[in-house]
Amino acid sequence: MLIFTMIAAILLLLVLIMKFKVHAFVALIIVSLLTALATGIPVDKILPTLLSGFGSTLASVALLVGLGAMIGLLLEITGGAKVLADTLINKFGKEKAPFALGVASLLFGFPIFFDAGLVVMLPIIFSVAKQFGGSVLRYAFPSAGAFAVMHAFLPPHPGPVASGDLLGVNMGLLVIVGLVCAIPTWYIGTYLFSMFISKRIHVDLPKAFLNTNAINETSVQNPPSFKRVLIVLLLPIFLILFDTGLNTLSVAKVINGSELWVQSLRLIGKTPIALLITLLVAIALLRDNRSYDQIEKICNNALGPICSIVLVTGAGGMFGGVLRASGIGDVLSNMMSDTGMPIIVAAFLIATTLRVAQGSATVALTTTAALIAPTVANTTDLSQFDLCFIVISIASGATVLSHVNDSGFWLMSRFLEMDEKTTLKTWTALETSIGLVGFIIALIGSAIL
């Protein structure tokens, strides 16, 4: 009954949004409420469940997206994004520009989380797309896919760190194996797929980016140097590495994570704090001869367009929260864990099931690892390489089929101004391509090693 309810809820949501053109924010609230009622969540617990899912998602997304949008608009209006885009264009040329954006995002994506990397890179992506033309997917997807691959496959990101710890994986080896798997997964599953899909589906540059009113008010007289732009882009990566890197060392028992100096540096490296510091540094480096009133206006203009992004993303988190609270994920994972199939295959299927049911890749990663940990512990012939490939398999399953209960789905939909049908045909397909290629590479690696 719970499984049927989950399928019915997802279908209802798609019908409301795609056929009856109900705004995604409203549709998500309606379906979340109906799902909570249908799955038997106590009536007095329904509203707290809805608010908890909504609030917890906003807590992680709103600050990040808001600060990132300000940094992005500062880069765009001051000419910084164009400076970087021109440098990439001059070095790699028109045909290799998407590849260059993807490689840059792979490097940025090692310490920086998916959402943060995306909001910082989008102005550069749009600037390159504006100059060269064609579907914006040709430029956005190699970069977004790179962040998605790194976020799922490699420590110091929370999903692989947590699942690796639960399965007793050597973190240093997991970094190496994860990187070896991530590079071909990105090239085949993201870059080649992006070149394929962008030839078949045309997506225009977002209207919010093309709106030049704010840019005309503060015309670029003296664009910043490439060096200053690079500092603004690399600073959040450097700061976030304090948190993610020290967390990896703490999990690996290299340092004592409870010491004050570790906790203080990790605070500086928390994504919202790191982006706040970056915003202040960006204002200092990019301000030029603009008044503080003009800078305040730029920051204010950055917040308006992201209101819809934040609210829809929060409502997507609400829907995912209801599915988790209803116990659907537990029912599905218990069914899958008793199948008796090879661990690496079962891990992929359980993670896929959890991903589809509740949306969060990190939750799917950690829950699947916890479910199969007893089986892994009782299987004595697994090497450290086998354990690493099992983590990659879980990460691959936790990546596929991004859809309406995934906050990343709504971020991509709203940032690129794609309707839900187009997002399903493009972003969902891209994430599925990443997951399937990653799983195949993990299978091959496990068989060889």
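Predicted, not measured: the structure shown is a model, and the values here were computed from it. (Residues numbered from 1 in each chain as written. Predicted model: local features only at pLDDT ≥ 70, side-chain atom pairs only at ≥ 80, totals over all residues. Heavy atoms only, no water.)

*Asks:* What exactly am I supposed to notice about the packing of helix α6 (residues 137–153) against helix α8 (residues 171–200) here?
*Replies:* Each pair of packed helices can be described by the angle between their axes along with the distance between the axes. Axis separation between α6 and α8 bottoms out at 9 Å; the angle between their running directions is 155 degrees. Classified by the angle between their axes, α6 and α8 sit roughly antiparallel to one another. Here α6 runs over α8; the crossing is right-handed. Of α8, the residues touching α6 (which contributes L137, R138, F141, P142, G145, A146, V149, M150 and F153) are G178, L179, C181, A182, T185, W186, T190, Y191, S194, M195, I197 and S198. When its residues are assigned to classes, the contact of α6 with α8 shows 14 nonpolar, six polar and one charged. (Axes fitted to C-alpha atoms, helices over the stretch in contact; angles between N-to-C directions. Helix = DSSP H or I, 4+ residues; strand = E, 2+ residues; numbered from the N terminus. Parallel < 35°, antiparallel > 145°, perpendicular 65-115°, else oblique. Left-handed = near helix turned anticlockwise from the far one by under 90°. Contact = heavy atoms within 4.5 Å. Nonpolar A, V, L, I, M, F, W, Y, C, P; charged D, E, K, R; others polar.)

*Asks:* Just checking my understanding: could you explain unusual backbone geometry for this structure?
*Replies:* Backbone geometry follows two general trends: most residues other than glycine have a negative phi, and most peptide bonds adopt the trans configuration. Phi is positive for D288, which is not a glycine, with a value near 55 degrees. If you trace the backbone, D288 turns up in the loop between α13 (271–286) and α14 (292–303). Looking at D288, the relative accessible area reads 37%, which means it is partly exposed. Located in the positive-phi region is L401, a residue other than glycine, with phi close to 55 degrees. On the secondary structure map, L401 appears in the loop between α19 (384–397) and α20 (407–415). (Buried < 20%, exposed > 50% of the residue type's maximum accessible area, 1.4 Å probe, protein only.)

*Asks:* Please explain the side chain of T428 as it appears in this structure.
*Replies:* In this structure, T428 sits in helix α21 (residues 420–448). Looking at T428, its side chain comes within polar contact range of the main-chain oxygen of S402, at 2.6 Å. (Polar contact = N/O pair within 3.5 Å; in protein donor to acceptor, adjacent residues only side chain to side chain.)

*Asks:* Even after reading the chapter, I still don't get the packing of aromatic side chains, so can you show me in this structure?
*Replies:* To describe a pair of aromatic rings, you give the distance between the ring centres and the angle between the ring planes. Tallied over the entire structure, the rule returns eleven aromatic pairs. A centroid spacing of 5.9 Å and a plane angle of 40 degrees characterise the contact between F114 and W427, whose relative ring orientation is tilted. Of this pair, F114 sits in helix α5 (residues 114–132) while W427 sits in helix α21, and the two are 313 residues apart along the sequence. Residues F114 and W427 agree in their burial class; the two are buried. Here F348 and F439 contribute two aromatic rings whose centre-to-centre distance is 4.0 Å and whose plane-to-plane angle is 15 degrees, an arrangement assigned as stacked. Of this pair, F348 sits in helix α17 (residues 343–358) while F439 sits in helix α21, and the two are 91 residues apart along the sequence. Across the pair, F439 and F348 agree in class, each one buried. (Phe/Tyr/Trp six-rings, centres within 6.5 Å; stacked < 30°, edge-to-face > 60°.)

*Asks:* I keep staring at the pattern of salt bridges and nothing clicks. Help me out?
*Replies:* It is possible for side chains bearing opposite charge to pair when their charged atoms get close. Inspection of every chain in the model, using the stated rule, returns six salt bridges. Where D243 meets R266, a salt bridge forms, and the shortest distance between an N and an O atom there is 2.7 Å. Placement of D243 in helix α11 (residues 226–251) and of R266 in helix α12 (residues 260–269) is noted, with a sequence separation of 23 residues between them. Owing to a relative accessible area of 8%, D243 belongs among the buried residues under this scheme. Measuring nitrogen to oxygen at the nearest pair gives 3.0 Å for the salt bridge that ties R414 to E420. (Salt bridge = Lys/Arg side-chain N within 4 Å of Asp/Glu carboxyl O.)

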